[in-house]
Amino acid sequence: MNYRAIITFVFVCLWTLTLSADGVRSVCNAGCGGSVDMSECGCRSSRDGDVGLADSVAYYVEHARWKEPWAYRALAECYRYGKGGVGKCLFNAIAYYDEADVSAAEFAVKAYDSDQSDELGLLNHLMDGLDRKRLTEEEVVSTIGGMTDPKPLWAMFLNEILSRSHAERKSFIESSLSVESDCDVMLVGFSYISMVGVDLFEKMFLGTSDGCLHRMMVIGERLPSLCDILGNELWIRFEQQSPYSGRFLEMALMCMEKADRFGFLSRGNMARVLAYSKKWGGDGRMPFSKDDLERFARICSGDD
């Protein structure tokens, strides 16, 4: 599956959930790996030892902020297996693999071929099988039924989706998920919506209310890769010179700072920050230090 597109699609779908002030509560609202205290969390993995996971997550993040692929790969392994003080979160693992210029889909196929119980490999096998019609829905349900208990939440949710009629599935997914849902449950739910061709992009809305921002920042704390996408969308709205431009700017910079904190700030957004800093200097809204700006400049110039 095209996970870069899926991650962007999940971002768009989550914006549709923020339109409800209270969100939707459901049995799927379980926690995910989420945020981690970067000051003290060692990350050691007993699997895939070629990555050399011997240092702290904070060490990997610092190198990821310099766009070093090996650091993204190490962070992907941490989230994939729930090591080093972070909970297991395949969504974050996929996002970090993507930043490492590793095809998460190809990686998952190899993992499944060597171990059919590998969770990332199995998730990809089932979702890609449904998408490409390589697996029937009955085969997917049978595979989930044969998984060892306790089954992952994402697998149980996929089973619930397939147990409903095709006409019911979209509304079931949207009514079951909230911004507080388990991250991998969201990944499966919105991936399914994406693969059946339901177009939710027209529903996208970027609000300026504190409640809307708070809900997206809650998501960003657990799925930091979305903060870079959110910062990009907010910056576009800032440049449109509406009465809310100042608010959009503040929100964009806040999201970009959070994305950078986890190594997800894109070069494009770094360039925006640099251009703004050069034009306006220290206007009190810039959350980045002089060292950060120098790092952005080196990365954008290719001298990283």
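Quick note: structure is the one above.
For the structure given in this document, a descriptive report is provided here. (Residues numbered from 1 in each chain as written. Predicted model: local features only at pLDDT ≥ 70, side-chain atom pairs only at ≥ 80, totals over all residues. Heavy atoms only, no water.)

As a further point, take the packing of helix H12 (residues 225-239) against helix H14 (residues 267-280). Taken N-terminus to C-terminus, the directions of H12 and H14 make an angle of 45 degrees; their axes are 10 Å apart at the nearest point. Compared by their axis directions, H12 and H14 come out oblique. Between H12 and H14 the crossing geometry is left-handed. Across the interface between the two elements, Asp228, Gly231, Asn232, Trp235, Ile236 and Phe238 of H12 pack against Asn269, Arg272 and Tyr276 of H14. Split into classes, the residues belonging to the contact of H12 with H14 amount to 4 nonpolar, 3 polar and 2 charged. (Axes fitted to C-alpha atoms, helices over the stretch in contact; angles between N-to-C directions. Helix = DSSP H or I, 4+ residues; strand = E, 2+ residues; numbered from the N terminus. Parallel < 35°, antiparallel > 145°, perpendicular 65-115°, else oblique. Left-handed = near helix turned anticlockwise from the far one by under 90°. Contact = heavy atoms within 4.5 Å. Nonpolar A, V, L, I, M, F, W, Y, C, P; charged D, E, K, R; others polar.)

This next bit is on the pattern of salt bridges. Within the structure shown, the criterion is met by 17 salt bridges. Close ionic contact of Arg169 with Glu137 constitutes a salt bridge, the shortest N to O distance being 2.7 Å. On the criterion of sequence distance, the pair formed by Arg169 in helix H9 (residues 166-176) and Glu137 in helix H7 (residues 137-145) is long-range, its members being 32 residues apart. Here Asp292 ties to Arg295 by a salt bridge, and the two come within 2.9 Å at their closest N and O atoms. Separated by 3 residues within a single helix, Asp292 and Arg295 lie in helix H15 (residues 290-300), roughly one turn from each other. Assessed through its relative accessible area of 4%, Arg295 is described here as buried. Residues joined by salt bridges that share partners form a network here, namely Glu62, Arg65, Asp260, Asp292 and Arg295. (Salt bridge = Lys/Arg side-chain N within 4 Å of Asp/Glu carboxyl O. Buried < 20%, exposed > 50% of the residue type's maximum accessible area, 1.4 Å probe, protein only.)

For the coordinates displayed, the defined rule picks out 13 aromatic pairs. Both rings, one in Tyr59 and one in Trp70, keep their centres 6.0 Å apart while their planes meet at 45 degrees; by these two values the pair is tilted. With Tyr59 in helix H2 (residues 57-64) and Trp70 in helix H3 (residues 69-81), the pair connects residues that are 11 residues apart, well separated along the chain. The exposure class assigned to Tyr59 is partly exposed, which follows from its relative accessible area of 37%. A residue is classified by how much of its surface remains accessible, and Trp70, at 36% relative accessible area, is partly exposed. With 6.3 Å between their ring centres and 75 degrees between their planes, Phe238 and Tyr276 make a pair best called edge-to-face. Placement of Phe238 in helix H12 and of Tyr276 in helix H14 is noted, with a sequence separation of 38 residues between them. (Phe/Tyr/Trp six-rings, centres within 6.5 Å; stacked < 30°, edge-to-face > 60°.)

For Glu137, a relative accessible area of 21% corresponds to the partly exposed category. Taking the C-alpha atoms as reference points, Glu137 and Asn159, 22 residues apart in sequence, are found 9.3 Å from one another. If near-sequence neighbours (up to four positions away) are discounted, Glu137 is found in contact with Leu130, Leu162, His166, Arg169 and Tyr192.

All of the buried residues in helix H5 (residues 104-114) are Ala104, Ala105, Phe107, Ala108, Ala111 and Tyr112. Buried residues along H5 cover an arc of 160 degrees about the axis, so they all sit on one side. With respect to the buried face of H5, the exposed residues turned more than 90 degrees away are Glu106, Lys110, Asp113 and Ser114. (Arc of directions from axis to C-beta.)

Let us now look at unusual backbone geometry. Of note, the amide linkage connecting Asp149 to Pro150 takes the cis form, showing an omega dihedral of -5 degrees. Summarising the element assignment, Pro150 is placed in the loop between H7 and helix H8 (153-162). The backbone phi angle of Gln241 is positive, close to 55 degrees, even though this residue is not glycine. Mapped onto the fold, Gln241 is located in the loop between H12 and helix H13 (245-261). Taking relative accessible area as the criterion, Gln241 reaches 60% and is therefore assigned exposed.

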